[in-house]
Amino acid sequence: MPWNQWIRTVEIEPSLYAADFARLGEQIEVLLRAGARVFHFDVGDGHFVPPITIGPIVLQSISPRIHAGEGVIDVHMMTETPEKHFKEIAEAGGDSVTVHLEACPDPTATARAARAHGLQTGLAFKPQTSFEQAAAAADGFDLVLCMSIEPGYSGQEFMPEALDRIRKLRGLLPEETPIQVDGGIGPENVRKVHEAGATLFVAGTSIFGREDISRAYRRLVQALA
């Protein structure tokens with residue numbers, strides 16, 4: 001199923017990297033009941049980004065639960081040579097992979113490699129990479145991810161200059177290509193990010209950093225209503 005059938009106009013994506021891993025399955029169930037349908041899953045290799053994060057073994061353990069709840073898993077590959085991992089990600093239950101422009105010498109070939117494994121595709125770019133460069137390389141991808149923090153660590157503050165980059169990126173991309181934003185998203189800024197042109201919002205600390213994660217998720221949804 002393609003991204004345009006996953007997005008219900010807009011989507012708040014809980015970022016599982018920020019979850020309580022002692023209660024990961026339970027927290028996923030809570031968010032599914034709250035209405036979450038797209039879950040963001042960060043893979044960091046310790047090279048492209050400093051931290052080593054979660055990987056296919058964790059993905060394999062949670063994907064049946066998410067799929068049973070009619071959810072999908074959006075895998076953010078903060079890795080060098082991401083294509084080496086596509087087969088394993090697909091077999092573990094990933095539905096889409098987003099790779100970084102900075103890690104892909106041939107983005108078009110990388111997108112083809114992902115599709116060969118039945119995966120949807122996204123193209124991410126760091127704050128210091130030009131939005132023009134990202135837009136020029138986006139052909140063949142289902143979405144473009146504009147990072148509003150430096151990738152790798154949860155809990156960073158939203159970079160205000162990202163709003164202008166999102167706005168200008170929106171003007172360069174085809175209308176049907178959604179823009180995803182990751183980093184520092186909360187109820188105080190999600191509406192402004194949407195007005196700038198984004199429809200996919202990755203939220204980590206603003207959901208999992210709250211005692212009532214169901215209420216935190218719904219608060220973000222309501223801020224977009």
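Shown above is the structure to which this text applies.
Read on for an overview of the structure. Worth saying up front: this structure is predicted, and the values here are computed from it rather than measured.

**Focus on helix H2 (residues 24–34)**
- Buried residues of H2: Leu-24, Gly-25, Gln-27, Ile-28, Leu-31, Leu-32 and Ala-34, and no others.
- Once H2 finishes, Gly-35 follows within two positions and takes phi at roughly 115 degrees, a positive value.

**Some details on the environment of Ala-116**
- With respect to the secondary-structure elements, Ala-116 resides in helix H5 (residues 107–116).
- Spatially, the C-alpha atoms of Ala-116 and Asp-182 are 26 Å apart, while their sequence positions differ by 66 residues.

**As for the pairing of strand E2 (residues 38–44)**
- Of all 7 residues making up E2, 7 are buried, and the element is well covered by its neighbours.
- Where burial is concerned, the two faces of E2 agree: the one with Val-38, His-40, Asp-42 and Gly-44 and the one with Phe-39, Phe-41 and Val-43 are both buried.
- Examined bridge by bridge, E2 and strand E3 (residues 72–78) share 7 bridges and lie parallel to one another. Directly across from Phe-41, in E3, lies its bridge partner Val-75.

**Focus: a positive patch on the surface**
- Among the surface-exposed residues, Arg-210, Arg-215, Arg-218 and Arg-219 lie close enough to one another that they form a single positively charged patch.
- By the element assignment, Arg-218 lies in helix H10 (residues 213–224).

**Remarks on unusual backbone geometry**
- You will see that Glu-70, though not glycine, has its phi angle at about 65 degrees, which is positive.
- By the element assignment, Glu-70 lies in the loop between helix H3 (56–68) and E3.
- Looking at Glu-70, the relative accessible area reads 65%, which means it is exposed.
- The phi dihedral of Thr-81 is positive, around 40 degrees, even though this residue is not glycine.
- By the secondary structure assignment, Thr-81 is in the loop between E3 and helix H4 (86–92).
- What makes Thr-81 partly exposed here is its relative accessible area of 34%.

**Things to note about the side chain of Thr-98**
- Inspection of the secondary structure puts Thr-98 in strand E4 (residues 96–100).
- The buried category is assigned to Thr-98, whose relative accessible area is 0%.
- The residues contacting Thr-98, other than those within four sequence positions of it, are Asp-74, Val-75, His-76, Met-77, Gly-122, Leu-123, Ala-124, Leu-143 and Leu-145.

**Structural notes on the packing of aromatic side chains**
- Under the definition given, this model contains 1 aromatic pair.
- Ring plane angle 70 degrees and centroid distance 4.8 Å describe the contact between Trp-3 and Trp-6, whose orientation is recorded as edge-to-face. Pair noted here: Trp-3 and Trp-6 are both in helix H1 (residues 3–6), with a separation of 3 residues, about one helical turn.
- Take Trp-3: its relative accessible area is 2%, and that puts it in the buried class.
- Of the residues examined, Trp-6 reaches a relative accessible area of 9% and is grouped as buried.

Conventions and cut-offs
- Residues numbered from 1 in each chain as written.
- Predicted model: local features only at pLDDT ≥ 70, side-chain atom pairs only at ≥ 80, totals over all residues.
- Heavy atoms only, no water.
- Buried < 20%, exposed > 50% of the residue type's maximum accessible area, 1.4 Å probe, protein only.
- Helix = DSSP H or I, 4+ residues; strand = E, 2+ residues; numbered from the N terminus.
- Pairing = 2+ DSSP bridges.
- Patch = residues over 30% accessible without salt bridge, like charges linked within 9 Å, V, L, I, M, F, W, Y side chains within 5 Å.
- Areas by Shrake-Rupley, 256 points an atom, 1.4 Å probe, with all protein chains shown as cover.
- Salt bridge = Lys/Arg side-chain N within 4 Å of Asp/Glu carboxyl O.
- Lys, Arg positive; Asp, Glu negative; His and termini not counted.
- Charge placed at Lys NZ, Arg CZ, Asp CG, Glu CD.
- Contact = heavy atoms within 4.5 Å.
- Phe/Tyr/Trp six-rings, centres within 6.5 Å; stacked < 30°, edge-to-face > 60°.

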